[in-house]
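# Descriptive structure summary
The residues making up each chain are set out below.
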2 protein chains.
Amino acid sequence: MTGGNGDSTGSAGYGCPLPRASFSAIRLGHGSGGKLTNQLIRDLFLPHLSGPTLSRLEDAAEVEFARERLAITTDSYVVSPIFFPGGDIGSLAVHGTINDLAMKGARPLYLTASFILEEGLSMDDLERVVKSLGSSAEECAIEVVACDTKVVNKGAADKMFINTAGIGVIEIEDPPASDRAREGDVIIVSGEIGLHGMAIMCAREGLELEAEIESDSAPLYELAAAIFDTGLEIHCLRDLTRGGLASALIELAESSKVGVELDEERIPVAERVKAACEILGLDPLYVACEGRLVAFVPENDAEEVLIAMQGNGNGGRAAIIGKVTAEHPGKVVLRSRIGGRRHVDRLSGDQLPRIC
Amino acid sequence: MTGGNGDSTGSAGYGCPLPRASFSAIRLGHGSGGKLTNQLIRDLFLPHLSGPTLSRLEDAAEVEFARERLAITTDSYVVSPIFFPGGDIGSLAVHGTINDLAMKGARPLYLTASFILEEGLSMDDLERVVKSLGSSAEECAIEVVACDTKVVNKGAADKMFINTAGIGVIEIEDPPASDRAREGDVIIVSGEIGLHGMAIMCAREGLELEAEIESDSAPLYELAAAIFDTGLEIHCLRDLTRGGLASALIELAESSKVGVELDEERIPVAERVKAACEILGLDPLYVACEGRLVAFVPENDAEEVLIAMQGNGNGGRAAIIGKVTAEHPGKVVLRSRIGGRRHVDRLSGDQLPRIC
């Protein structure tokens, strides 16, 4: 709590090299999904909000109720701009919630939606967003059961923020969990990475490319169902959001205490995303997706899961991108096109604020 | 959607005299809990988020799951300042959620908490709020199961906003509902009104009174349990938040299609609240509470419910303040100290922004 903004003082242990004490105020990087976010959650939030469920740090909490298992999740959406190619803050809020539930093998049931509106927001824009949220919820067969609206004075918020909470029922026996990755598991990504983040960045920066980048924002409930319908054991399933593919894999490697090895040339990245990333100096590995997931499955089942994913509209370009090793536990290593190997670290800076 | 900012053009029917079309942009009054809020919800939100549950517009939604009844609620908290006499945005968020559940006769089970933080927010302030939220949740025996943090750039939010969703299980047979008020019902308020709103306004405006006003923010689960434990039929139960006692009673009168008659001199208002309201030109009837409720009960049961309420720490100053009539359905009428009668209308302006 005292002074200093150093980036690497002391150590708070595993996956948490920056002690909270190194910052006296919130920085944009605390929202990046990288190192600072991780540190903030572990050092400031968890100690005060301790409980058996929250400390598992899954996309959705699993609780037992009336002999059924409920999945519960929450997210706030602060994306800027609120409209972007391929979606808007309303559809994004629904997709994000649906996906967090789907990663736990939960069928979505109920959604809450709460709006923080800035004085002066155009009523047309608000209606467009609410309509989009409503129709996305309907498509995903999740019922909006509770809603709230607050208004703050001009300048006290940026247009609008949405918070959602989602409740689903877990219908599979043995849901994936972040600590279930095992040596030998094969890692499958459901499609091209980085589209959402680059769509937002291009819209925000006014970057005009030859081919417009559209967000991949999509509900992944059906893709997840296709995966579970194989009846095979799925060790980990995670949607790629803030911090992109890299951050998701690092979290899974840390939770499972295993190593992850990626083949750079097998990771699907669209040419236009590569081009935009180069212009903006970004690494696609860290760029957010909102319609992609990674699955960790035993090697013998990988082909079958891959085919199941490719048979779904949102998994058409699914690809095997790496494997789980016993070496370097908690770390992700990338084998580059030219054969080099590099350690993929958590995002340390303020790379991509307000992407979701 | 087209032009104009007129305050009384046309009519959208019952309880909704201002058509959405009269505003092209969000105003602070849309968050006041009064006329504009009501209009925004009915004209813009409900048409796009239609569903059997949401359209009941209760404090908490009731859904059936695994042959049990769940209560689900959500609220965003944008109170300014974030620390105030008697509480802070963290404790307020817990109490507000607990109270929405309690009003449906639900036992609180699970809480989600999502934080929107402004770049530059002091880490000390954040920790103080998270600690307060955590300890309030613990006191109320509700488990924080899911959490989220977003950071926005400086100037894109005002310090911090919190969103919560709450899930509880409804354990009473016949929960109160806003449409269950009946002619002859007696109206009981659980204590002095206006403390929360005036605590906030004094803190915000730097108003120094002889006696400091502390917020009444408190969890009402035990008070509600004491009421239900009488085994008597409770027609309506509502906590008084945005828009105060007046707005809550108007909503109940409208939903139940009954009239409400209040005795001004029986409504408990602390002298220091009266004094502050006079200075700021406010009517205590519309000032938010965060630890008060009103109960509508059949006349013959009123005394017993009143005694049960007075036996609880949060109901010590409970008082009978009025009754339900068949006359003037949908309207609230106040009998003043000197015998006059006046119609209590919905709040029409931007009276008290960011009170919760």
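From a predicted model like this one, the values you see are computed outputs, not experimental measurements.

### A word on the relation of the copies chain A and chain B
The operation relating chain A to chain B is a screw motion whose rotation component is 180°, with 0.0 Å of axial translation and a residual RMSD of 0.0 Å. Here the transformation between the copies is reduced to the relation of a two-fold axis. Across chain A, the rotation axis passes nearest the C-alpha of Ala157(A), at a separation of 2.0 Å. Taken together, the interface assignments show that 100% of the residues at the interface of chain A recur at the interface of chain B, consistent with an identical surface on both copies.

### Re the sheet that holds strand S10 (residues 259–263) of chain B
Residues and elements named next belong to chain B. Strands sit in the order S9-S11-S8-S12-S10-S13-S14 across an open sheet of seven strands; the sheet is mixed. Every interior strand has two partners, whereas the edge strands, strand S9 (236–239) and strand S14 (341–344), have only one. Ignoring strand direction, the axes of neighbouring strands in this sheet form an average angle of 25°. Across four bridges, S9 lies against strand S11 (residues 293–297) in antiparallel orientation. The residue of S11 that forms the bridge with aspartate 239 is leucine 293.

### A look at helix H1 (residues 35–48) of chain B
A rise of 1.5 Å per residue sets the reference length of H1(B), with its 14 residues, at 20 Å; its end C-alpha atoms lie 20 Å apart and thus fit the reference within 8%. A bend of about 30° at Ile41(B) is the largest found in H1(B). Within H1(B), 10 of the 14 residues are buried, which leaves the element mostly enclosed by the surrounding structure. Looking at H1(B), one finds that the buried residues are Lys35(B), Leu36(B), Thr37(B), Asn38(B), Gln39(B), Leu40(B), Leu44(B), Phe45(B), Leu46(B) and His48(B). Where H1(B) is buried, its residues contact strand S5 (106–118), helix H3 (123–139) and strand S6 (143–152) of chain A.

### Structural notes on the interface of chain A and chain B
At the interface, 76 residues of chain A touch 76 residues of chain B. Across the chain A-chain B interface, the total number found is four salt bridges. With its nearest N and O atoms 3.3 Å apart, the salt bridge here joins Asp75(A) to Lys150(B). Linking chain A with chain B are 31 residue pairs in polar contact (both at pLDDT 80 or more). Elements supplying a minimum of two residues to the side of chain A that touches chain B: helix H1 (35–48), strand S1 (61–65), strand S2 (68–77), S5, H3, S6 and strand S7 (160–170) of chain A. By residue class, the composition of the side of chain A that touches chain B is 42 nonpolar, 18 polar and 16 charged.

### A short note on the sheet that holds strand S6 (residues 143–152) of chain B
Residues and elements named next belong to chain B. Taken in spatial order, the five strands make up an open sheet running S1-S2-S7-S5-S6, and their pairing is mixed. Every interior strand has two partners, whereas the edge strands, strand S1 (61–65) and S6, have only one. The mean angle between the axes of side-by-side strands here comes to 20°, regardless of whether they run parallel or antiparallel. Of the pairings in the sheet, the one linking strand S5 (residues 106–118) to strand S7 (residues 160–170) comprises 11 bridges and is antiparallel in character. The residue of S7 that forms the bridge with isoleucine 116 is phenylalanine 161.

### A short note on unusual backbone geometry
Residue Pro81(A) follows Ser80(A) across a cis peptide bond; omega there is 0°. With respect to the helices and strands, Pro81(A) occurs in the loop between S2 and strand S3 (83–84). Residues other than glycine seldom take positive phi values, yet Lys257(B) does so here, at roughly 55°. For Lys257(B), the location among the structural elements is in the loop between helix H6 (244–256) and S10. Given the relative accessible area of 59%, Lys257(B) is considered exposed. Located in the positive-phi region is Arg354(B), a residue other than glycine, with phi close to 50°. By the element assignment, Arg354(B) lies in the segment after S14. Here Arg354(B) falls in the buried class, since its relative accessible area comes to 6%.

Each value, and the rule that gives it
- By convention here, each chain's residues receive numbers from 1 onward along its written sequence.
- Whichever chain is written first becomes A and whichever ligand is written first becomes 1, with later ones labelled in order.
- Per-residue local features are limited, in this predicted model, to residues with pLDDT of at least 70; the limit for side-chain atom pairs, both in listing and counting, is 80 or more; totals at the level of whole chains, interfaces and linings are taken over all residues.
- Hydrogens and water are ignored here; the side-chain numbers use all heavy atoms of the structure.
- Overlaid copies result from least-squares superposition on C-alpha atoms, with residues included only where pLDDT is at least 70 in both.
- Any two residues having at least one pair of non-hydrogen atoms within 4.5 Å are treated as being in contact.
- Pairing between two strands requires that DSSP report at least two bridges joining them.
- Numbered from the N terminus, helices here are DSSP runs of H or I no shorter than four residues, and strands are runs of E no shorter than two.
- Think of each axis as a best-fit line through the C-alpha atoms, taken over the contacting stretch in the case of a helix, with angles from 0 to 180 degrees between the N-to-C directions.
- The span expected for a helix works out to 1.5 Å for each residue beyond the first.
- Bend angle per residue: angle between axes fitted to the 7 residues ending at that residue and the 7 residues starting there.
- Exposure categories follow from relative accessible area, calculated using a 1.4 Å probe and restricted to protein chains: below 20% of the type maximum is buried, above 50% is exposed, and the middle band is partly exposed.
- A carboxyl oxygen of Asp or Glu within 4 Å of a side-chain nitrogen of Lys or Arg is what we treat as a salt bridge.
- Nitrogen and oxygen atoms within 3.5 Å of one another constitute a polar contact, given that in protein one can donate a hydrogen and the other can accept it, and given that sequence-neighbouring residues count only through two side-chain atoms.
- Note on residue classes: Ala, Val, Leu, Ile, Met, Phe, Trp, Tyr, Cys and Pro are nonpolar, Asp, Glu, Lys and Arg are charged, and everything else, Gly too, is polar.

Note that every value here comes from positions in space, so none of it alone points to a role or purpose.
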